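Here are the chains, one letter per residue:
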Amino acid sequence: MPKNRDIRRTLVIGSGPIVIGQAAEFDYAGTQACRALKEDGVEIVLVNSNPATIMTDTAMADSIYIEPLSAATLKRIIQKEKPDSVLPTLGGQTGLNLAMKLAREGFFEKNGIRLLGACPETIDRAEDRKMFKETMEGIGQPVIPSDVVSTVEDAVKFARVIGYPLIVRPAFTLGGTGGGIANDEGELRATALVGLKFSPIGQILVEKSVAGWKEIEYEVMRDAAGNCITVCSMENLDPVGIHTGDSIVVAPALTLADKEYQMLRTAALDIISELKIEGGCNCQFALDPNSFEYAVIEVNPRVSRSSALASKATGYPIAKVAAKIAIGYRLDEIPNSVTGKTCACFEPAIDYVAVKFPKWPFDKFASSVRTLGTQMKATGEVMALADNFEAALMKAVRGAEMHQQTLYLSKLERMDDVELKTAMATATDERIFQVFEALRRGQSCDEVFEATGIDRWFLHKLLNLVNFEAQLREEGLTGESYREGKRLGYPDAVLEKISGCRAEKHLSASYKMVDTCAGEFAARTPYFYATLGENEAAEFIKTGGGKGTIVVLGSGPIRIGQGIEFDYSSVHCVWALKKQGYEVAIINNNPETVSTDFDTADRLYFEPLTPEDVCDILSFERPLGVVAAYGGQTAIRLAKYLHENGHKILGTSFDSIDLAEDRERFDALLGKLGILRPDGGTAVTLDEAVSVAARLEYPVLVRPSYVLGGQNMSIAFSEDDLREFMGVILSGDVYGPVLIDKYLRGIEIEVDAICDGEEILVPGIMEHVERTGIHSGDSIAVYPAINVTDRLIEKIVSHTRSIALEMKTLGLVNIQYIIHQGELYVIEVNPRASRTVPYISKVTGIPMVDLATRAMLGEKLAGMGYGTGLYPPAPYTAVKVPVFSFEKLHGVDTHLGPEMKSTGEVLGIGKTLEEAMFKGLLAAGYNMERKGGVLFTVRDSDKPEIVDVAKKYAQLGFNLYATKGTAKV
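Residues numbered from 1 in each chain as written. Predicted model: local features only at pLDDT ≥ 70, side-chain atom pairs only at ≥ 80, totals over all residues. Heavy atoms only, no water.

Engineer: Could you clarify how one ought to interpret the overall build of the chain in this entry?
Structural biologist: The secondary structure content of the chain amounts to 33 helices and 36 strands. Against the compact-globule benchmark of 30 Å for 969 residues, the chain has a radius of gyration of 28 Å, which places it among compact chains. Principal-axis analysis of the C-alpha atoms places the extent of the chain at approximately 75 × 75 × 60 Å. Looking at the chain alone, contacts between residues at least 24 apart form 70% of all its contacts between residues at least 6 apart. In the form shown here, the chain has an accessible surface area of approximately 35300 Å², with 50% of it arising from carbon and sulfur atoms. (Helix = DSSP H or I, 4+ residues; strand = E, 2+ residues; numbered from the N terminus. Rg over C-alpha atoms; globule rule 2.2 N^0.38 Å. Contact = heavy atoms within 4.5 Å. Areas by Shrake-Rupley, 256 points an atom, 1.4 Å probe, with all protein chains shown as cover.)

Engineer: How should the pairing of strand β10 (residues 214-222) be read in this particular structure?
Structural biologist: A regular strand places its side chains on the two faces of the sheet in alternate fashion. Of all nine residues that make up β10, nine are buried, and the element is covered over most of its length. Side-chain alternation along β10 places Lys214, Ile216, Tyr218, Val220 and Arg222 on one buried face and Glu215, Glu217, Glu219 and Met221 on a second face that is also buried. Sheet topology places β10 next to strand β13 (residues 279-287); nine bridges connect them, and they run antiparallel. Residue tyrosine 218 lies in a different strand from β13, and its bridge partner there is cysteine 283. Taken together, the seven bridges between β10 and strand β11 (residues 228-236) define a ladder with antiparallel strand orientation. Bridge pairing links methionine 221 to isoleucine 229 in β11. Counted between consecutive antiparallel strands, the loop separating β10 from β11 contains five residues, among which glycine 226 sits at a positive phi close to 95°. (Buried < 20%, exposed > 50% of the residue type's maximum accessible area, 1.4 Å probe, protein only. Pairing = 2+ DSSP bridges.)

Engineer: Is there a simple way to think about the layout of surface pockets in this case?
Structural biologist: Taking a probe equal in size to a water molecule and rolling it over the atoms shows the remaining empty space. When its volume is computed, the second largest pocket comes out at roughly 2400 Å³. What lines the second largest pocket is a set of 46 residues, and nearest its centre among them are Val769, Glu770, Ile780, Val949 and Tyr953. Breaking the lining of the second largest pocket down by element, the ones donating at least two residues are β28 (760-771), β33 (877-883), α31 (913-923), β35 (933-936) and α32 (943-955). Grouping the constituent residues of the lining of the second largest pocket by class yields 26 nonpolar, eight polar and twelve charged. (1 Å grid on protein atoms, 1.4 Å probe; cavity = no way out; pocket = protein on both sides within 12 Å on 5 of 7 lines; lining within 4 Å. Points joined across faces, edges and corners; volume = space filled by probe spheres on them. Nonpolar A, V, L, I, M, F, W, Y, C, P; charged D, E, K, R; others polar.)

Engineer: Help me understand the packing of helix α15 (residues 445-452) against helix α16 (residues 456-475) in this model?
Structural biologist: The description of two helices packed together rests on the angle between their axes and the distance between the axes. Two elements in contact, α15 and α16, have axes separated by 10 Å at closest approach and are oriented at 130°. On the basis of their axis angle, the class for α15 and α16 is oblique. In the packing of α15 onto α16, the handedness of the crossing is right-handed. Along the contact surface, α15 presents Cys445, Asp446, Val448, Phe449 and Glu450, while α16 presents Arg456, Leu459, His460 and Leu463. Taken together, the residues of the contact of α15 with α16 sort by class into five nonpolar, one polar and three charged. (Axes fitted to C-alpha atoms, helices over the stretch in contact; angles between N-to-C directions. Parallel < 35°, antiparallel > 145°, perpendicular 65-115°, else oblique. Left-handed = near helix turned anticlockwise from the far one by under 90°.)

Engineer: What should I look at first to understand the sheet that holds strand β1 (residues 9-13) in this one?
Structural biologist: Adjacent strands of a sheet pair through backbone hydrogen bonds, lying either parallel or antiparallel. Within the open sheet, the five strands sit side by side as β3-β2-β1-β4-β5. Their pairing is parallel. The outermost strands of the open sheet, each flanked by one partner alone, are β3 (63-65) and β5 (114-115). Taken strand by strand, helix α2 (residues 71-81) contacts β1, β2 (43-47) and β3, and its axis lies near 165° from that of β1.

Engineer: Could you clarify how one ought to interpret helix α8 (residues 185-198) in this entry?
Structural biologist: Residue pairs spaced three or four apart in an α-helix point in one direction, given the helix's 3.6 residues per turn. For α8, spanning 14 residues, the distance from its first C-alpha to its last is 20 Å, which sits close to the expected 20 Å at 1.5 Å a residue. Those residues of α8 that fall on the buried side of the exposure criterion are Leu188, Thr191, Ala192, Gly195 and Leu196. The buried residues of α8 all sit within an arc of 130° when viewed along its axis, so they share a single face. α8 presents Leu193 and Lys197 as exposed residues on the side facing more than 90 degrees away from its buried surface. (Expected span 1.5 Å × (residues − 1). Arc of directions from axis to C-beta.)

Engineer: How should I be thinking about the packing of helix α1 (residues 25-39) against helix α10 (residues 305-314) in this particular structure?
Structural biologist: The geometry of α1 relative to α10 is characterised by a closest axis approach of 9 Å and an angle of 65° between their N-to-C directions. As summarised for this structure, α1 and α10 are arranged roughly perpendicular, according to the angle between their axes. For α1 against α10, the interelement crossing comes out left-handed. In contact with Glu25, Phe26 and Tyr28 of α1, α10 contributes Arg305, Ala308, Ser311 and Lys312. Class assignment for the residues of the contact of α1 with α10 results in three nonpolar, one polar and three charged.

Engineer: I tried to follow a nonpolar patch on the surface on my own but got confused; where do I start?
Structural biologist: On the surface, Phe918, Leu922, Tyr926 and Met928 cluster together into a nonpolar patch covering about 350 Å² of accessible area. Within the element layout of this structure, tyrosine 926 appears in the loop between α31 and β35. For tyrosine 926, a relative accessible area of 42% puts it in the partly exposed group. (Patch = residues over 30% accessible without salt bridge, like charges linked within 9 Å, V, L, I, M, F, W, Y side chains within 5 Å. Salt bridge = Lys/Arg side-chain N within 4 Å of Asp/Glu carboxyl O.)

Engineer: Please clarify how the side chain of glutamine 203 should be interpreted in this entry.
Structural biologist: Within the secondary structure layout, glutamine 203 lies in the loop between α8 and β9 (204-208). Assessed through its relative accessible area of 10%, glutamine 203 is described here as buried.

Engineer: Please explain the sheet that holds strand β24 (residues 700-704) as it appears in this structure.
Structural biologist: Pairing is antiparallel in the open sheet, where four strands are placed in the order β23-β26-β24-β25. Since the sheet does not close on itself, it has two edges, and those belong to β23 (680-683) and β25 (714-716), each with one partner. In this sheet, adjacent strand axes meet at a mean angle of 25° when their direction is disregarded. By the bridge criterion, five bridges tie β24 to strand β26 (residues 738-742) in an arrangement that is antiparallel. In the sheet register, leucine 701 faces β26, and the bridge partner there is aspartate 741. Relative to β25, helix α27 (residues 719-730) is tilted by about 150°, and along the sheet it contacts β24, β25 and β26.

Engineer: Would you mind showing me how to read the pattern of salt bridges here?
Structural biologist: Side chains that carry opposite charge are capable of pairing whenever their charged atoms lie near each other. One pass over the structure, following the stated rule, counts 65 salt bridges. Residue glutamate 43 is joined to arginine 9 by a salt bridge in which the shortest nitrogen-to-oxygen separation is 2.4 Å. Of this pair, glutamate 43 sits in strand β2 while arginine 9 sits in strand β1, and the two are 34 residues apart along the sequence. By relative accessible area, which is 37% here, glutamate 43 ends up partly exposed. Of the charged contacts, one joins aspartate 679 and arginine 695 as a salt bridge, the two residues approaching to 3.4 Å between their closest N and O atoms. Of this pair, aspartate 679 sits in the loop between α25 (663-673) and β23 while arginine 695 sits in helix α26 (residues 686-696), and the two are 16 residues apart along the sequence. Taking the relative accessible area as the measure of exposure, aspartate 679 reaches 46% and is therefore partly exposed.

Engineer: I'm lost on the pairing of β35 in this one. Help?
Structural biologist: Of the two faces of β35, the one holding Val934 and Phe936 is buried and the one holding Gly933 and Leu935 is not buried anywhere. Across four bridges, β35 lies against strand β36 (residues 959-962) in parallel orientation. Each residue of the ladder has a partner; that of glycine 933, found in β36, is asparagine 959. Regarding the hand of the β-α-β motif, the stretch spanning β35, α32 and β36 is right-handed. (Right-handed = clockwise from strand over helix to strand, strands pointing away.)

Engineer: Before we go on, may I ask you to explain the environment of isoleucine 754 in this structure?
Structural biologist: As for its position among the elements, isoleucine 754 is in strand β27 (residues 747-755). For isoleucine 754, a relative accessible area of 0% gives the class buried. Placed 57 residues apart in sequence, isoleucine 754 and glycine 811 show a C-alpha to C-alpha distance of 5.3 Å. With residues near it in sequence (within four places) discarded, isoleucine 754 still touches Glu759, Ile760, Leu761, Gly811, Leu812, Met848, Leu851, Ala852, Ala855 and Leu861.

Engineer: Explain α31 here, please?
Structural biologist: If you check which residues of α31 are buried, you get Ala916, Met917, Lys919, Gly920, Leu921 and Ala923. Contacts made by the buried residues of α31 are with β28, β29 (781-783), β33 and β34 (904-910). Following α31 by one or two positions, glycine 925 has its phi on the positive side, about 100°.

Engineer: Any chance you could explain the packing of aromatic side chains here in plain terms?
Structural biologist: Working definition: an aromatic ring pair is given by the centre-to-centre distance plus the angle between the planes. Taken as a whole, this structure holds 20 aromatic pairs when the rule is applied. Consider the rings of phenylalanine 528 and phenylalanine 540, whose centres lie 5.9 Å apart with planes at 65°: the pair is edge-to-face. Note that phenylalanine 528 is positioned in strand β18 (residues 527-531) and phenylalanine 540 in helix α19 (residues 538-542), a separation of twelve residues in sequence. Each member of the pair, phenylalanine 528 together with phenylalanine 540, is buried. The rings of Tyr511, Phe528, Phe540, Tyr605 and Phe620 are connected pair by pair, giving a single aromatic cluster. Residue placement shows lysine 197 over the ring face of phenylalanine 198; its charged tip is 5.4 Å from the ring centre. (Phe/Tyr/Trp six-rings, centres within 6.5 Å; stacked < 30°, edge-to-face > 60°. Lys NZ or Arg CZ within 6 Å of the ring centre and 35° of its normal.)

None of this, on its own, says anything about what the molecule does.
Given below as structure tokens:
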């Protein structure tokens, strides 16, 4: 029972779709909290619009509503379910804002509902910029000179008094949405206008810029009795002015003197006490590097992105503890799950360094402005743990999947010293590499500090790497330098490349445990990172029982094209294997996810998903097999390496994975089966591509092999298009030949199936609303398919069965079809988990990953209780709607095509297509009121298709507007 006996039934509000600024960290926090509440017998009613999360699985709550996150929806759910309380602090800014809206309306009070974790007054005092400023001044905490305004003119009036530059911070937003730095009146007017629009209460804080000061964060916890602890200090490598989500972050803070550390720690504890927050809280400070002057930037009275990082950096389960506090427990009454001996009132102590490195979407958006500021642009992040900063940074860089093994970025050599210094002065996603290059060229740490504001301590650490690499080039690889290279986090392959020598001696990696108390108490949760020295993981391997060990590869950082849905599949695979009696180890480096929770697998290795790092773990674990099918392209790209090095891949073999990507082999397979596919060819050079496209006739679809999310995939309507696209593809890392297909217009159909080697189960068939050529991740997908005849449905199932069996698939397979002029064509086969697996699992009720995992282990579908063939369709319609984050990325082309651009998705379910579509679009943030007009502007190749669309809008009563060429059509 909960400590507070009045709390029996709680509504937990989720955070909705993944967008820049609000990502998987809230799925992780919500999942952990729901499990904590269930331990105490609290009934959970959950509302969230995101189908891709673990949080919306049936096991997570007693009642789950995958519905639009709106005030009206929450009211109806509350009136039906009658919870006695609401927990809003786990759903990011979305959950918090919704709860505040209902609280202000008096709805909670009228229905006898209490807010858990933070009362409305607390949330207002933290989130309302004016009240926050007054609260800080009331307890003697310094704030940056600022003014809270609700009009652009008032912002300009304040600027004329205080001067430029200024920072604009909208109230009640997340990820810096709508904010920015203004250097003059024109920029201020533009930024203020946007900020006022995005703030739900029409309020912005305009503050004097202290850009260049250090940015320090403290994650703090407090219970209702007033007990407070600091979980973790964190320091942004980038100075103030760069959003913390876009900054490289280290934990613990590394450059503070003890006096500075204690000063800010005391401030954080005073702030959480004054605000009377019950649970977790994130406090952000600006610290003058030349004095002891500091200022409070902001406070998040809820679980945040930084909470997830702090949890994984220390092993302290912040969301779980916050949930326990919300239902009445004191910190000293909550056991520390990691040690099993200490309590949650114990402040973590760590004897290692954690480095968080952001993952940006600029590889997808080449035209986007890469400058970083107060508005977050990263889609995700990785974290690395090591005994020193240099090694942690090296691990983080290679784990971020930027095709970088070191901090040396070859293209920077084209810059002269003046260009480099100028570029370095403006923060971009490449600045850390520019700093390394500047130090490599002999610029001093003082010079680089003056240009960037990055603390000299960090610069000297980067200089250590520069000097080591220079010594390695000069002296070659010796036993001493090899060991030093491993201590600094260099893989063998990089040491060999830099030195030009072969590594004669291989140091086996040891694995150290994350225990939250620097070895003072033994941890019982096996959570490891690679290091040199004693191998603390050995005793857990020796005591492993059951049927043996299986290693599951995670999906790495969240980015466009590979999101939370692959973490969903990885976690379900782990759980299914454990249920079957296997010991399971997972490898992943994403601090935001459920897969890296300390108790998801039997053993967690927080390491980069690169061939060498993974191989070290496998050599130590010696598993029965490795699962690569659930970690998206990150894991699949390792399949070849695993196969060539003798590691057994469970499920579909590498040969079958390769068969799906090898054009000639795949064409031969379809020819053998008598299945149509668009005519196509392959090319390794530009001339070959031009020749293939001329034979096929334009338009053609161009894509690299082995990609996810349509990376660098385009439709070429002319030879000029083709030459441009091939230039982009060939300038990057190319895995195999470039694939070129004849582009066919038609209806796109998508199928996820499970195969046991003899039979298949097709849970459902999805139909895309958008025409072919729009990436499936950016298309609205309808289940069940409504514009497909019975004859074609039979053909889809038959083709799916034939392909899956011929490819010797064991587990999941995703196939995409086109219906073109009444015929069925295959366009793509992926013998792995797809992004639609969580969606189809939830709308059909079939636990796809669980069944696929059992099939991988040799079980047959016939005995699993769901039958074979096409599963009977559900008695409702489900619509998956993509969600985009274009407002965070300036200069991005919002036109949709074969390369995926959405960051997340929502689900709409209804008795009819109209109802489901309406709910899906509403959940995705569209304003569904019929008013105003529609602007039509399409390129010439699309103009024949636009007339019917325009007619429908006219019939609905919209005014039509068009650019000249489109208007003529």
